[in-house]
Amino acid sequence: MTNYYDSNANGFIATTRDVDMSDARERFLAAVPARADGPARILDAGSGSGRDALAFRVSGYDVKAFDAAPAMVAATQAHSAVETRLMRFEDFAWEHSLEGIWACASLLHVADAELPGVVDRLADHLVPDGALYLSFKRGTGERVKDGRRFTDMTSETLAALLDRSGVFGEPDIWESRDCRPDRAFEVWVNAVVVKR
Ligand SMILES: C[S@@+](CC[C@H](N)C(=O)[O-])C[C@H]1O[C@@H](n2cnc3c(N)ncnc32)[C@H](O)[C@@H]1O
């Protein structure tokens, strides 16, 4: 499923690196707890071009990233100067806890049946009060488009996915339009949740 991002790396980066995601980032950062002994640790999960890894680093956070596509790992490192690992959500493990995990338009490539386990594993890596951001295209079920598999979500199915983990407080869920001019018809379902 990551082939698309290796084969179309230049085109994908060109159309996503300058997208203005500042609203969602600010909503997420407002929920990320401070850390007593250093900057809060944020993981950009499925980091693509490195747009958000750079923004978090410039804002003073301790940022790391991972992605399943080698071309995206290289892009994130080159653009953001953030240490980026080659890793899949399905194999996710990290050596320390995190104040925030940012999964922007990336968990949508995980199979529906695997999402509960992946969300549980991400939650396991959050400190108490740690925040998770995730976003999906609005819809229901799974589909394949241009060689990519998507799991779509509505506000209700996303709320149910987060609720079933049993570790999060009430989610902040909202819909937004795609920020790319030629994609303004696409609707995204976003959520920020905090681990209890
Ligand atoms: C639509 S892009 C989003 C990239 C970036 N977060 C952004 O918002 O621009 C999806 C990203 O998820 C990565 N990805 C796809 N499947 C993945 C998986 N199973 N584990 C980790 N990353 C994955 C892709 O390589 C790609 O970089």
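What counts and how
- Residues numbered from 1 in each chain as written.
- Predicted model: local features only at pLDDT ≥ 70, side-chain atom pairs only at ≥ 80, totals over all residues.
- Helix = DSSP H or I, 4+ residues; strand = E, 2+ residues; numbered from the N terminus.
- Rg over C-alpha atoms; globule rule 2.2 N^0.38 Å.
- Buried ≥ 20, exposed ≤ 12 C-beta atoms within 10 Å, placed from the backbone.
- Contact = placed C-beta atoms within 7 Å.
- Axes fitted to C-alpha atoms, helices over the stretch in contact; angles between N-to-C directions.
- Left-handed = near helix turned anticlockwise from the far one by under 90°.

A. Seen up close, the overall build of the chain. Regarding its fold elements, the chain presents seven helices and nine strands. Computed over C-alpha atoms, the radius of gyration of the chain comes to 15 Å, within 12% of the 16 Å expected from 2.2 N^0.38 for 196 residues, which places it in the range of a compact globule. Counting across all 196 residues of the chain, residues that qualify as buried make up 39%. A separation threshold of at least 6 residues defines the contact pool for the chain, and within that pool the share at least 24 residues apart is 63%.

B. Summary view of the packing of helix α4 (residues 51-58) against helix α5 (residues 70-80). Relative orientation of the contacting elements α4 and α5 amounts to 30°, with a least axis distance of 8 Å. For the pair α4 and α5, the crossing hand works out as right-handed. Of the residues in α5, those in contact with A53, L54 and R57 of α4 are T76, H79 and S80.

C. Up close: the environment of Y61. Position of Y61 relative to the elements: it lies in the loop between α4 and β2 (62-67). The class of Y61 is buried, set by 22 C-beta atoms lying within 10 Å. Separated by 32 residues in sequence, Y61 and L29 have C-alpha atoms that sit 10.0 Å apart. Not counting the four nearest positions on each side in its chain, Y61 is found in contact with P39, A40, I42 and F56.

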